[in-house]
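These are the residues of each chain, in order.
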Amino acid sequence: MHPIHRLAHHLPALPSGTSFQPVVQTMRGIKAFVTLLFDESGSLEPVWELSNSLLNSPAFQLSIAALKTTPEAAAILSERYVAPPYDLDELLQYPQNSLGYVYACHMKQLGFQPFEPVMPIDSDTHYVEYRWQKTHDIWHIITGFDTSEMGEIGLQAFYLAQFQLPLSSLLIANALIATTILQPECLNPLLEAIAQGYQMGKVAKPLIAQKWETAWDKPVDQWREELNVQPVRP
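Residues numbered from 1 in each chain as written. Predicted model: local features only at pLDDT ≥ 70, side-chain atom pairs only at ≥ 80, totals over all residues. Heavy atoms only, no water.

Trainee: Give a description of the nonpolar core that names residues and reports values.
Mentor: One finds L99, Y103, W139, F163, L207 and W212 to be the most contacted residues of the largest nonpolar core, which totals 49 residues. When residues of this core are assigned to their parent elements, the largest contribution, eight residues, is made by helix α8 (residues 124–143). Those residues in contact with W139 that sit more than four places away from it in its chain are L155, F158, Y159, Q162, F163, L207, I208 and W212. (Core = buried A, V, L, I, M, F, W, Y, C linked by side-chain atoms within 4.5 Å. Buried < 20%, exposed > 50% of the residue type's maximum accessible area, 1.4 Å probe, protein only. Helix = DSSP H or I, 4+ residues; strand = E, 2+ residues; numbered from the N terminus. Contact = heavy atoms within 4.5 Å.)

Pasting the structure below:
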């Protein structure tokens, strides 16, 4: 019997009237976590499945509670600020040292399109999920973490330090397990990236609270200075 099926078989019976939805979400999350361990396709589907399974979790509620202790983050949570979709050609019209220009060049060089999450923004958790997904590539630019597997995990450690995003802790755990089993020679560099990202996130101001889109013209270096981010250098 497959381990996932075996786990499901041994789940305790739910009290009468209890919704099965949390259990289903948890099972989907476990399946996505296991898929990520050995998936070499590069598909993001297991990541989104894992992320969705955590939206109503106690861990995400603790994350929201932590965010609300910071005035800037509490303010954007209350407002639920939403920016229009990004136009890369329009952003290329900004000065070359500006966030807008650097972001657009970054996306075009990688062959990426701006990600526009499709989800109802009807709760604090949904808003945070929407906002970090939409601005993820901006965080790459501000922190200096590249889009390699090592860079992604370094950025996840930054997220974890900033606001305890539950997805980040599971992606880091997944990377540690997969690296230990499949690429043990990469374990030390991975640990260094995690440590660096976490320390950067602890001292930086909350990036989740920033309205990047209202100041595309601001130089990247100025953003970093104002947010107390010492970026990773190539």
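Trainee: Can you explain the packing of helix α4 (residues 58–67) against α8? Please cite residues and give values.
Mentor: Two measures define how a pair of helices packs: the angle their axes make with one another and the distance between the axes. Where α4 meets α8, the axes come as close as 10 Å, and the angle between the chain directions of the two elements is 80°. The pairing of α4 with α8 is recorded here as roughly perpendicular in orientation. Across the interface between the two elements, F60, Q61, I64 and L67 from α4 touch D124, T125, V128 and E129 from α8. Tallied by class, the residues present in the contact of α4 with α8 amount to four nonpolar, two polar and two charged. (Axes fitted to C-alpha atoms, helices over the stretch in contact; angles between N-to-C directions. Parallel < 35°, antiparallel > 145°, perpendicular 65-115°, else oblique. Nonpolar A, V, L, I, M, F, W, Y, C, P; charged D, E, K, R; others polar.)

Trainee: I'd love a proper account of the layout of surface pockets, names of residues and values included.
Mentor: With a probe scaled to a water molecule rolled over the atoms, the places where space remains empty come into view. Space inside the second largest pocket adds up to approximately 430 Å³. Around the second largest pocket, the lining is made up of 18 residues, and of these G144, F145, D146, V232 and P234 lie nearest the centre. Those elements giving two or more residues to the lining of the second largest pocket turn out to be α7 (99–110), α8, α9 (149–163) and α11 (187–203). The residue makeup of the lining of the second largest pocket, split by class, is eight nonpolar, seven polar and three charged. (1 Å grid on protein atoms, 1.4 Å probe; cavity = no way out; pocket = protein on both sides within 12 Å on 5 of 7 lines; lining within 4 Å. Points joined across faces, edges and corners; volume = space filled by probe spheres on them.)

Trainee: Describe the pattern of salt bridges, with residues and values.
Mentor: For the coordinates displayed, the defined rule picks out eight salt bridges. Salt-bridge contacts for K134 lead to E116; the nearest nitrogen and oxygen are separated by 2.5 Å. With K134 in helix α8 and E116 in the loop between α7 and α8, the pair connects residues that are 18 residues apart, well separated along the chain. Its relative accessible area of 3% is what places K134 among the buried residues. According to the relative accessible area criterion, E116 is partly exposed, its value standing at 32%. Because the salt bridges share partners, they merge into one network encompassing K68, R80 and D124. (Salt bridge = Lys/Arg side-chain N within 4 Å of Asp/Glu carboxyl O.)

Trainee: Quick rundown of unusual backbone geometry? Include the residues and the values.
Mentor: If you check the backbone angles, R80 has positive phi at about 55° while not being a glycine. Within the secondary structure, R80 sits in the loop between α5 (71–79) and α6 (88–91). Backbone geometry places Q164, a non-glycine residue, at a positive phi of 55°. In this fold, Q164 is placed in the loop between α9 and α10 (166–182).

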